[in-house]
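Results of the structural survey
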Amino acid sequence: MTATRLPLYQVDAFTDRLFSGNPAAVVPLESWLPDATMQAIAAENNLAETAFFVPAGEARWELRWFTPAIEVPLCGHATLATAFVLTECLGETAATLTFVTQESGELSVTRGDDGWYVMRFPRRHEAGTVEAADIDRLADALGARPQAVVSFAVPGDTSYLAVFETEAEIVGLAPDIRAIAALPPRNVIATAPGDAVDFVSRMFAPKAGIDEDPVTGSAHCSLVPYWAGRLGKTQFTVRQVSSRGGDLRCRLDGETVVVAGQGVLYLKGEISLPS
């Protein structure tokens, strides 16, 4: 039996050292595989996201992202990982890369001279009041009561932003993941002012098959507008304080959230698919 062989890369994103940040798999394609095959590859990789891309013109690619359970409308760290693979592994020399996506429009990524990848994502907006009963359920699920809970609109759903007073509270959260999965929103982001950065966060997305995402670029599409309003500034240095941890530079630019990070190659391999 012959096999179809596909290249596979794994990149630690939002970090400058291995074994930290958020690992993403990247699979370059010449044309799209069946959705079920891409979902099966993502489940086999068992990382927060696997990115697949196909050429779409000069310095342009169509891009899709899959968790082990579902396809998602936007993924920051796997976009960074894709840009890293194109420039560092596949020889792409364009200063700016454009990714055409199904639900988040065109996303541009520019590699700076300092090795940081600067990504432009759509800003997310508040989606209304969270009911008191849902705040109580969220507090129980997180094991701690936030100062405030803000709902943000995400494509086809909502995301809860749970705001705490201190970084130590965010680090110390030990949530009941199954209880979080039973809450109304797609995911829950916990955040607070940082000790050495502008703000910190953690993100829980069990409905997407990710109990805790180590570093989440797309979460900052909500976090940055919130903290811009609260702190009265538009540029931030931030850290996601998961067990792996990761660092980002962010900026609010009107309806765009600029998210920048670094990446490190972990592995290059090959997938063997039965023909």
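Just above sits the structure.
Position numbers for residues start from 1 in each chain and track the written sequence from start to end. Note on the predicted model: pLDDT of at least 70 is required for a residue's local features to be given, and 80 or more for side-chain atom pairs to be given and counted; whole-chain, interface and lining totals, by contrast, use all residues. Hydrogens and waters are ignored; side-chain quantities use all the structure's heavy atoms.

1. A few points about the overall build of the protein chain
How we decide: Only DSSP runs of H or I with at least four residues qualify as helices, and only runs of E with at least two residues qualify as strands; both kinds are numbered from the N terminus onward. Here the globule rule is a power law, 2.2 Å times the number of residues to the power 0.38, and the radius of gyration is based on C-alpha atoms. Any pair of residues with heavy atoms lying within 4.5 Å of one another is described as a contacting pair.
Scanning the protein chain for helices and strands turns up 6 helices and 17 strands. At 18 Å, the protein chain has a C-alpha radius of gyration in line with the 19 Å of a compact globule built from 275 residues. Referenced to the eigenvectors of the C-alpha coordinate spread, the extents of the protein chain come out at roughly 55 × 40 × 30 Å. Long-range contacts, defined as pairs at least 24 residues apart, comprise 64% of the intrachain contacts of the protein chain with a sequence gap of at least 6.

2. Structural notes on the pairing of strand β12 (residues 199–205)
Worth spelling out the cut-off: We call a residue buried when its accessible area falls under 20% of the maximum for its residue type, exposed when it is over 50%, and partly exposed in between, using a 1.4 Å probe and counting protein chains only. Following DSSP output, two strands are said to pair if at least two bridges run between them.
Most of β12 is tucked away, with 7 of its 7 residues classed as buried. Here β12 shows two buried faces, one formed by Phe199, Ser201, Met203 and Ala205 and the other by Val200, Arg202 and Phe204. Between strand β11 (residues 187–193) and the antiparallel strand that follows it, β12, lie 5 residues. Where β12 lies against strand β14 (residues 235–240), 3 bridges are found, and the strand directions are parallel. In the strand pairing of β14, Val200 is matched with Arg239. Of the pairings in the sheet, the one linking β12 to strand β13 (residues 210–213) comprises 2 bridges and is antiparallel in character. Bridged to Met203 within β13 is Asp213. What sits between the antiparallel neighbours β12 and β13 is a turn of 4 residues, in which Gly209 has the positive phi angle 85°.

3. Considerations on the environment of Gln235
Tracing the chain through its elements places Gln235 in strand β14. Take Gln235: its relative accessible area is 53%, and that puts it in the exposed class. Between the alpha carbons of Gln235 and Leu252 there is a distance of 6.6 Å; along the sequence they are 17 residues apart. Not counting residues within four places of it along the chain, the set of residues in contact with Gln235 comprises Asp198, Cys250 and Arg251.

None of this, on its own, says anything about what the molecule does.
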